[in-house]
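# Observations on chain architecture
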Amino acid sequence: MAYTPSTYDPYDFANRRHIGPSPTEMAAMLTVVGAPTLDALIDETVPASIRQGTPLTWAPLSEHDLLAKLRGVAAKNRVMTSLIGQGYYGTVTPPAIQRNILENPAWYTAYTPYQPEIAQGRLEALLNFQTMVADLTGLPVANASLLDEATAAAEAMTMAERSAKSKVRAFFVDRNLHPQTISVIRTRALPLGIEIIEGAPEAMVPEQVFGAIFQYPGTYGHVTDFTDLIARLHEAKALAVVATDLLALCLLKEPGAMGADIAVGSAQRFGVPMGYGGPHAGFMSCRDALKRSMPGRIVGVSVDARGNRAYRLSLQTREQHIRREKATSNVCTAQALLAVMASFYAVFHGPVGLRAIAERVHFNAVRLRDALVAAGADVAPEAFFDTITVRVGVGQQGIMAAARHRGLNLRKVGRDRVGISVDELTNADVIVRVLDAFGITDPAPEPAGLGFPETMLRATDYLTHPVFHMNRAELEMMRYMRRLSDRDLALDRAMIPLGSCTMKLNAAAEMMPITWPGFNTLHPFAPRNQAEGYAEVIEDLTAKLCDITGYDAFSMQPNSGAQGEYAGLLTIRGYHRARGEGHRDICLIPVSAHGTNPASAHMAGMQVVPVKSAPNGDIDLDDFAQKAAEAGDRLAACMITYPSTHGVFEETVRAVCDLTHQYGGQVYIDGANMNAMVGLVRPGEVGGDVSHLNLHKTFAIPHGGGGPGMGPIGVKAHLAPYLPGDPEAGEGAVSAAPYGSASILLISWAYCLLMGGAGLTQATRVAILNANYIAAALRGDYPILFIGNRGRVAHECILDTRAFADVGVTVDDIAKRLIDNGFHAPTMSFPVAGTLMVEPTESETKAELDRFITAMRAIRAEIADVAEGRITPEESPLRHAPHTVEDLVADWTRAYPREQGCFPPGSFREDKYWPPVGRVDNVHGDRNLICTCPPVEAYA
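Here goes a summary of the coordinates provided. (Residues numbered from 1 in each chain as written. Predicted model: local features only at pLDDT ≥ 70, side-chain atom pairs only at ≥ 80, totals over all residues. Heavy atoms only, no water.)

### Describing unusual backbone geometry
Along the chain, glycine 278 connects to proline 279 via a cis peptide bond; the corresponding omega equals 10°. With respect to the helices and strands, the residue proline 279 is situated in the loop between strand E7 (262-266) and strand E8 (282-286). Omega for the peptide link from alanine 380 to proline 381 comes to -5°, which places this bond in the cis form. As for its position among the elements, proline 381 is in the loop between strand E11 (378-380) and strand E12 (387-391). With phi around 75°, alanine 700 is a residue other than glycine that occupies positive phi space. Its relative accessible area of 0% is what places alanine 700 among the buried residues. The phi angle at threonine 841 is positive, at roughly 65°, despite the residue not being glycine. Examined against the element boundaries, threonine 841 turns out to sit in the loop between strand E25 (835-838) and helix H26 (846-867). (Helix = DSSP H or I, 4+ residues; strand = E, 2+ residues; numbered from the N terminus. Buried < 20%, exposed > 50% of the residue type's maximum accessible area, 1.4 Å probe, protein only.)

Structural data, given as structure tokens:
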């Protein structure tokens, strides 16, 4: 008999590695769903009228072929020593941090810590970050990170406007700010009607502004004491913002000591590679009186049900989902993973180590200055930390070229100066090469003194908390990182079934290249011919995203989903202004939309008009038509999410788009739910003019415990000229770097290459199957709130738990009880209060889906016990959840068995996840806001 070889391909990534259910399991799931085939299910779910006509066709790569291709692309980037500065610096990532944090799925696959009981590890690391920032800036309150320095500065401007007593509408910008920061501030100010006054700090007239921002040290190196200027601002009832550098503050007088109200900057040089622009953790700190108007997330200290200390996100409901169009910020994604890295860099070095690094950087800059001056060069400024400029006249181009010939990038300043920024990687060899580029062969002298007045030396201690003084033996550091990660529930332990957040596989092969020097050492403002590998990545990823979406052009600049919304709306406004229709300012937004949608529209200078939902959850087409007609020639845009936030493919989407276009508006389709569309529906073909894509959802960039994210926007051809501008070139930029967090674009590109066009389409189909499987399995226990006209949900479903409140069981009780089963809760109370939105993603296996179904059925049985009077809500395991090891070993006095409480159905026994704290008291944390590491006495 002839031998028949196997057709099984163990390296078929799309079907064997990324997609969870096997073909046999899919067949069993389809039986439960009640569909004969996967094709039939998709036909019943996705309206035929919107299906794309042509498939995605590029072929997939195996993992080893992908890595070989990426090595070749990395080799096209020219790795240079960049002394450009401008907010980006060479730094050392300690290998212990690279291996145990950046490359560890326990840290990079975690979700935003909205469920504090299962996030105590990353919350502690972020509290360390806040403490580090607060200490170094000399201001008592810091947040858990922002997107980058430039966007943090823009947030500080709007924070100053709403907090200052001054009633004027102008903001002063120090001309010594980094150019990209000025660009982003101008972008933010324009739609809000804020006048920007740019100039030398000494020329500022405090009475003319509600606030001012100064760079310290300045972009060209100047170290200036702003104490007197800040005092003058305060006399005029205006606020002072200082954009600063954490490493410089290890030596220099801190902004708080100058009287600053707000400090912002980037934590990049604390161990986070430049990565051609990001991701990096921006930071913000402020005076105590301003803390309740601070944007972003703030980690705070509270207590759990036993009175033990517990960390949580504080004040987390104060922004967009509650305030919507009245929100002052749309911050949704932070840079949690990078903030964690920066915080561990501070723990790793401690205050003595950080000061030593700062001293070495500074004295290398002094040596360089002294050698140049000794050779007759004209060097400025007189007072500096790590950056100097040299006036070279007509020799500028020649010196820049000589430096490049020696493997160095210097900064072009004006027409006759060259800038040099020394960093942690600068050593004697680098100094010799710099001097050689200037034709100087004499050795650099040992520094004779400081490069700034002694009056500018820092006089206060910092990082005094014990965590920054622990034994820094690598064994102890590794154990500390492990202890924190063990407290958390991330995707490497269990399914995280969050609606609209798409917690799917972040494959190891996709993650590997971000740590390669060929990608992570490039400066974002290095000459473009040194980044040909990145150009290839961005060009090919753009082409694939255009194919996937039906759009004609993309901007990769937005470095979060909410930033993408904002950029897309600014693009629409720019288009209207160019056509002489700048009066168009009304944006129609369904009431079911993500809270960032109306917040983004407000920030883009638009007036939000809400549109009702029909009883089945669809957009109320009659109300939409009425609102569009009332807006008339003022209609700028509508913002819709497709499939809807209710998890349904609405069949009226083309009608909504047609109505908007009829009145001259543009259609913004929120890409949050793109995981239900890739390969099946192109938003640009159903009427969309612009969409953002959450690459940290659909396209496999991990969530990192609350960031990084990427939100590039795709547009139709008529909008392409109005996409975000070059951050170095003036107005129009929305983030600091030309391609946002460029290094993590590698992850999404790798994902597209591994999956191939057919694999991406199959991922969408299986995401829809998994959601419908859960909906079908749980329909008898929990009503499914919204379903399509043919009885199907899209990639997520909403379990209606509102009726249980009548017997005293809340949606919070169910969410906390799921922790005992070893699951992160689904999305709570969005888009409908009192419900759970479940999105299982295509990467989850049938076994994990079944474990979740078992857990939810067991919880339903416990609800029945309460409803039928066998136990009160207060005595039930639902109210006592989650159960800790402390509960397990304590005297058991509860009204239900210990086994039921601690080992409910669905939980693992040998590998059970134990939350480190019981249910956290949210109210206590908000009323008693503590957002830095508690003092030593608190640990007694």
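Okay, back to it.
### Section: helix H23 (residues 653-662)
Because an α-helix packs 3.6 residues into every turn, residues spaced three or four apart end up facing the same way. All of the buried residues in H23 are Val653, Val656, Cys657, Leu659 and Thr660. Projected onto a plane normal to the axis of H23, the buried residues spread over an arc of 160° and lie on a single side. Pointing more than 90 degrees away from the buried face of H23 are the exposed residues Asp658 and Gln662. On its buried side, H23 packs onto helix H22 (621-631), strand E19 (635-641) and strand E20 (666-671). Glycine 664 sits one or two residues past H23 and shows a positive phi near 85°. (Arc of directions from axis to C-beta. Contact = heavy atoms within 4.5 Å.)

### Some points on empty space enclosed by the protein
Throughout the structure, instances matching the rule amount to 12 cavities of 30 Å³ or more. One number sums up the size of the largest cavity: a volume of about 190 Å³. The wall of the largest cavity is formed by 20 residues, among which Leu102, Pro279, Leu338, Ile514 and Ser743 lie closest to the centre. Among the elements that make up the lining of the largest cavity, the one with the highest residue count is helix H13 (residues 336-374) (3 residues). When the residues that make up the lining of the largest cavity are grouped by side-chain class, the tally is 15 nonpolar, 5 polar and no charged. Surrounding the second largest cavity, 19 residues form its lining, Gly87, Tyr89, Glu149, His178 and Asp245 being those nearest its centre. Looking at the lining of the second largest cavity, the elements with two or more residues in it are strand E5 (211-216) and strand E6 (239-245). When residues of the lining of the second largest cavity are assigned to their parent elements, the largest contribution, 3 residues, is made by E6. (1 Å grid on protein atoms, 1.4 Å probe; cavity = no way out; pocket = protein on both sides within 12 Å on 5 of 7 lines; lining within 4 Å. Points joined across faces, edges and corners; volume = space filled by probe spheres on them. Nonpolar A, V, L, I, M, F, W, Y, C, P; charged D, E, K, R; others polar.)

### Thoughts on the environment of threonine 441
One can find threonine 441 in the loop between helix H15 (428-437) and helix H16 (474-486). The spatial distance from the C-alpha of threonine 441 to the C-alpha of glycine 265 is 37 Å, given a sequence separation of 176 residues.

### Some points on the sheet that holds strand E24 (residues 827-828)
With antiparallel pairing, 3 strands are arranged side by side in an open sheet as E23-E25-E24. If you trace the sheet from one side to the other, it starts and ends with strand E23 (797-800) and E24, each paired once. Two strands pair when backbone bridges link them, and E24 and E25 are joined in this way by 2 bridges, in the antiparallel orientation. Counterpart to threonine 827 in the pairing with E25 is methionine 837. (Pairing = 2+ DSSP bridges.)

### Regarding the sheet that holds strand E18 (residues 607-611)
One open sheet accounts for 7 strands, arranged E16-E22-E21-E20-E19-E17-E18; its pairing is mixed. In this open sheet, the two edge strands, each paired with only one partner strand, are strand E16 (553-555) and E18. Mean inter-strand twist for the sheet, computed between neighbouring axes without regard to direction, equals 25°. Alignment of strand E17 (residues 586-590) against E19, held across 3 bridges, turns out to be parallel. (Axes fitted to C-alpha atoms, helices over the stretch in contact; angles between N-to-C directions.)

### Quick look at the packing of H13 against H16
The geometry of H13 relative to H16 is characterised by a closest axis approach of 11 Å and an angle of 145° between their N-to-C directions. For the element pair H13 and H16, the recorded crossing hand is right-handed. Between H13, through Phe344, Val347 and Phe348, and H16, the contact on the second element is made entirely by Met477, Tyr480, Met481 and Leu484. Classifying every residue of the contact of H13 with H16 by side-chain character gives 7 nonpolar, no polar and no charged. (Left-handed = near helix turned anticlockwise from the far one by under 90°.)

### Some points on the packing of aromatic side chains
As enumerated under the stated definition, the model contains 20 aromatic pairs in all. Ring geometry for tyrosine 575 and tyrosine 722: centres 6.1 Å apart, planes at 65°, overall edge-to-face. Taken together, the positions of tyrosine 575 in helix H20 (residues 561-578) and tyrosine 722 in the loop between strand E22 (713-715) and helix H24 (745-778) put the pair 147 residues apart, joining distant regions of the chain. Overall, tyrosine 722 belongs to the partly exposed group, its relative accessible area being 29%. Centre to centre, the rings of phenylalanine 699 and tyrosine 751 are 6.3 Å apart; their planes meet at 85°, and the pair counts as edge-to-face. Here phenylalanine 699 is found in the loop between strand E21 (690-693) and E22, whereas its partner tyrosine 751 is found in helix H24, with 52 residues between them in sequence. Accessibility assignment for this pair places phenylalanine 699 and tyrosine 751 in one class, buried. Within the aromatic cluster, the residues linked to one another by ring pairs are Tyr276, Trp516, Phe519, Tyr534 and Tyr739. Lying over the aromatic face of tyrosine 89, arginine 269 brings its terminal NZ or CZ to 3.8 Å of the ring centre. In this structure, arginine 851 packs its charged tip against the face of phenylalanine 823, placed 4.0 Å from the ring centre. (Phe/Tyr/Trp six-rings, centres within 6.5 Å; stacked < 30°, edge-to-face > 60°. Lys NZ or Arg CZ within 6 Å of the ring centre and 35° of its normal.)

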